Amino acid sequence: MPFDRRSVAVYSAFFLSSLGYSLWYSLFPVYLDIIGFQAWQIGFVFSLLSLSTSLSYLILGAVSDAAGRGKPLALGFILSALTIIALAYTSNIMLIGLLISAYGLLEGLKSPTGEASIVETGARLGTALSLFYMVVMVARIAGSALSGYFASTLGFQSLFILGSLLSISSASLIISLYGWSGRLGLKTVRLSISKFPEGIRSILSDRGLRLLTIALVVHGLGFSMINPLVTLYAKEALSLDEQLVGLVMAVWNMGFLLTQVPSGKFTDRFGGIPILASHIALSSVSWLLYGFSGNWLHLVLSALFVGMVGAMDMPARRTLMVRLKGSMGVASIIGYMDALTRFTFMLGSSVGGVLWSSLGYRAPFIIGSILNIFALIPLLILIYPHRR
């Protein structure tokens, strides 16, 4: 099991930062509504977060491959803490838009670097990564559960203050592990930014990476068509109240937690392609089951199944990325490929909303499931040479 000093520090840092993130993010739409934002303005803020995070992965994911892991990660946590605390003391839409964009841009220093650090521990890759994702998920569940309590007893500003303190604590853990040495400076950042066109060309010119990218983009497009509508389906199609909708999502997360570590072990044993292909095929089945749920019990069971299937994704995906990356750095390949797939989420979410409005509640789940099956084709092509 991957429990050396470095992995424990990284797991702990991401647990604290994810807990802090979930505290304020879970109720951020409610907070914006309370301070006077209209629905379109709230949507605009979250679109900025999605766009800035995607750009960050594209242009900053490679920074730690040049500067080392510790300094980019610690700086990402420190600057995130400053951004979060600033959000607590402004109600101006332009300033909030700038701050949320800054927060998204800092993700490129954190997530790819943290995952690269885990990859480099020397532990079994699938198992180590699955533990990382499980730690993050547990923290986010805890943060979501606690956010309402803190908001009602201490006020909404407390969520941002606590989130900021937890991010600083994460930075302290990383500095205690890596120190503050490293080559991170404007020159390194500029160099990483200048290299991203070359990195994208490398991905698109390499047969294996190109096929994997196509598979992930198609899969991401299908998933993004249904993801924003999952809670809405429970509320509108089955007329469930907010408490029961929350319970459905809790069961979904429980399914994810139950199979996260086993999925990593299966990836280590059988390889990334079979597990990712199984995930994609079973995803279409699980989405259809959810979208055709006609009662409370069916919805809960299908949500559990969706969560269990969802846990198969990231360990297999990251294992394939690392094994196909060639001479590219670990953080670089994660950043570039995540950016390419994240951009599809903006398109898929819009398409899903149009299908919902024009063709009915089940349409996004049906169309998304059918589209998702086509993601298997590049994976089958990718595995074919190994069977000759």
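Higher on the page you've got the structure.
These numbers come from a predicted model, not from an experiment.

Procedures and definitions
Residues numbered from 1 in each chain as written. Predicted model: local features only at pLDDT ≥ 70, side-chain atom pairs only at ≥ 80, totals over all residues. Heavy atoms only, no water. Helix = DSSP H or I, 4+ residues; strand = E, 2+ residues; numbered from the N terminus. Buried < 20%, exposed > 50% of the residue type's maximum accessible area, 1.4 Å probe, protein only. Areas by Shrake-Rupley, 256 points an atom, 1.4 Å probe, with all protein chains shown as cover. Salt bridge = Lys/Arg side-chain N within 4 Å of Asp/Glu carboxyl O. Core = buried A, V, L, I, M, F, W, Y, C linked by side-chain atoms within 4.5 Å. Contact = heavy atoms within 4.5 Å. Expected span 1.5 Å × (residues − 1). Phe/Tyr/Trp six-rings, centres within 6.5 Å; stacked < 30°, edge-to-face > 60°. Axes fitted to C-alpha atoms, helices over the stretch in contact; angles between N-to-C directions. Left-handed = near helix turned anticlockwise from the far one by under 90°. Nonpolar A, V, L, I, M, F, W, Y, C, P; charged D, E, K, R; others polar. Patch = residues over 30% accessible without salt bridge, like charges linked within 9 Å, V, L, I, M, F, W, Y side chains within 5 Å.

Visitor: How should the overall build of the protein chain be read in this particular structure?
Guide: Helices and strands together make up the secondary structure of the protein chain, namely 18 helices and zero strands. Out of the 388 residues belonging to the protein chain, those deemed buried represent 52%. When the accessible surface of the protein chain is totalled, it reaches about 16600 Å², and 68% of it is carbon and sulfur.

Visitor: So what exactly am I meant to see when it comes to unusual backbone geometry here?
Guide: Peptide bonds are mostly trans, and most non-glycine residues show a negative phi. Of note, Ser239 is a non-glycine position whose phi angle comes to about 55 degrees, a positive value. Counting through the fold element by element, Ser239 comes out in the loop between α11 (230-237) and α12 (242-270). By relative accessible area, Ser239 is classed as exposed at 61%.

Visitor: Whenever I open this one, the pattern of salt bridges confuses me. Can you help?
Guide: Between side chains of opposite charge, pairing is possible as soon as their charged atoms come close. Throughout the structure, instances matching the rule amount to three salt bridges. In this structure, the salt-bridge partner of Arg317 is Asp313, at a minimum N-O distance of 2.8 Å. Of this pair, Arg317 and Asp313 both sit in helix α15 (residues 313-324), four residues apart, which is roughly one turn of the helix. With respect to burial, Arg317 and Asp313 carry one shared label: buried. A salt bridge links Asp338 to Arg318, with the nearest nitrogen and oxygen atoms 2.6 Å apart.

Visitor: Looking at this model, I keep getting lost on the nonpolar core. Mind explaining?
Guide: Grouped burial of nonpolar side chains is what soluble globular proteins tend to show. Counting 56 residues, the largest nonpolar core has Phe132, Leu212, Leu276, Ile333, Met337 and Leu379 as its most contacted members. Setting aside its immediate chain neighbours within four residues, Phe132 contacts Val10, Tyr11, Phe14, Glu115 and Ile118. Residues Leu27, Phe37, Ile84 and Ala88 belong to the second largest nonpolar core, which totals 20 residues.

Visitor: Mind showing me how you'd approach the environment of Phe266 here?
Guide: Note that Phe266 resides in helix α12. Judged by its relative accessible area of 44%, Phe266 falls in the partly exposed class. When the C-alpha positions of Phe266 and Ala316 are compared, they lie 8.9 Å apart, and in sequence the two are 50 residues distant. Beyond its immediate chain neighbours, meaning those up to four positions away, Phe266 contacts Gly271 and Ile275.

Visitor: Just to check I follow, could you spell out helix α16 (residues 330-359) for this structure?
Guide: Counting along an α-helix, one turn takes 3.6 residues, and residues three or four places apart therefore face a common direction. Between its first and last C-alpha atoms α16 spans 42 Å; for 30 residues at 1.5 Å apiece the expected length is 44 Å, and the two agree. Directly beyond the C-terminal end of α16, a positive phi value near 110 degrees is found at Gly360.

Visitor: How should I be thinking about the environment of Gly307 in this particular structure?
Guide: With respect to the helices, strands and loops of the structure, Gly307 is situated in helix α14 (residues 296-310). Classification of Gly307 by relative accessible area gives buried; the value is 1%. Gly307 sits 47 residues away from Gln260 along the chain, and the two C-alpha atoms are 9.4 Å apart. Among all residues touching Gly307, those that are not within four sequence positions of it are Trp252, Gly255, Phe256 and Thr259.

Visitor: Please clarify how the side chain of Ser286 should be interpreted in this entry.
Guide: Along the chain, the position of Ser286 falls in helix α13 (residues 272-291). Exposure remark for Ser286: the relative accessible area of 1% places this residue in the buried category. When residues no more than four places from it in sequence are discounted, the contact partners of Ser286 are Phe305 and Val306.

Visitor: Sorry, what's going on with the environment of Ala339 here?
Guide: With respect to the secondary-structure elements, Ala339 resides in helix α16. Between the C-alpha atoms of Ala339 and Gly108, which are 231 residues apart in sequence, the distance is 9.6 Å. When near neighbours in sequence (up to four residues on either side) are disregarded, Ala339 contacts Ser54, Tyr57 and Leu58.

Visitor: Can you help me understand the packing of aromatic side chains in this one?
Guide: A ring pair, where both rings are aromatic, is described by two values, the distance of the centres and the angle of the planes. Here the structure, examined in full by the defined rule, presents 22 aromatic pairs. An angle of 70 degrees between the planes, with centres 5.4 Å apart, marks the rings of Tyr233 and Phe365 as edge-to-face. With a gap of 132 residues between them, Tyr233 in helix α11 and Phe365 in helix α17 (residues 363-373) connect regions that are remote in the sequence. Phe365 sits in the buried class, given a relative accessible area of 1%. Aromatic ring contacts, followed pair by pair, group Tyr21, Trp24, Tyr25, Phe28, Tyr31, Tyr103, Phe156 and Phe160 into a single cluster.

Visitor: Explain the packing of helix α10 (residues 207-226) against α16 to me, please; I cannot follow it from the model alone.
Guide: Any two packed helices are characterised by the angle at which their axes cross and by the distance between the axes. Following both chains from N to C, one finds α10 and α16 inclined at 30 degrees, their axes separated by 7 Å at the closest point. Both α10 and α16 take part in a crossing whose hand is right-handed. On α16, the residues touching Leu209, Leu212, Thr213, Leu216, Val217, Gly220, Leu221, Phe223, Ser224 and Met225 of α10 are Ile333, Met337, Leu340, Thr341, Thr344, Phe345, Leu347, Gly348, Ser349, Val351, Gly352 and Leu355. Per-class residue counts for the contact of α10 with α16 are 14 nonpolar, eight polar and no charged.

Visitor: Whenever I open this one, helix α8 (residues 156-178) confuses me. Can you help?
Guide: Its 23 residues place the ends of α8 34 Å apart at the C-alpha level, agreeing with the 33 Å of an ideal helix rising 1.5 Å per residue. Along α8, the residues that are buried comprise Ser158, Leu159, Phe160, Gly163, Ser164, Leu166, Ser167, Ser170, Ala171, Ile174 and Leu177. On its buried face, α8 sits against α1 (5-25), α2 (28-34), α5 (70-87) and α7 (125-154).

Visitor: Got a minute to help me understand a nonpolar patch on the surface in this structure?
Guide: There is a patch of nonpolar side chains on the surface, built from Leu244, Leu247, Trp296, Leu297 and Leu301 and spanning about 450 Å² of accessible area. Counting residues per element, the ones that place at least two in the nonpolar patch are α12 and α14. Top contributing element to the nonpolar patch by residue count: α14, with three residues. Relative to the helices and strands, Leu297 resides in helix α14. The class for Leu297 is exposed, based on a relative accessible area of 56%.

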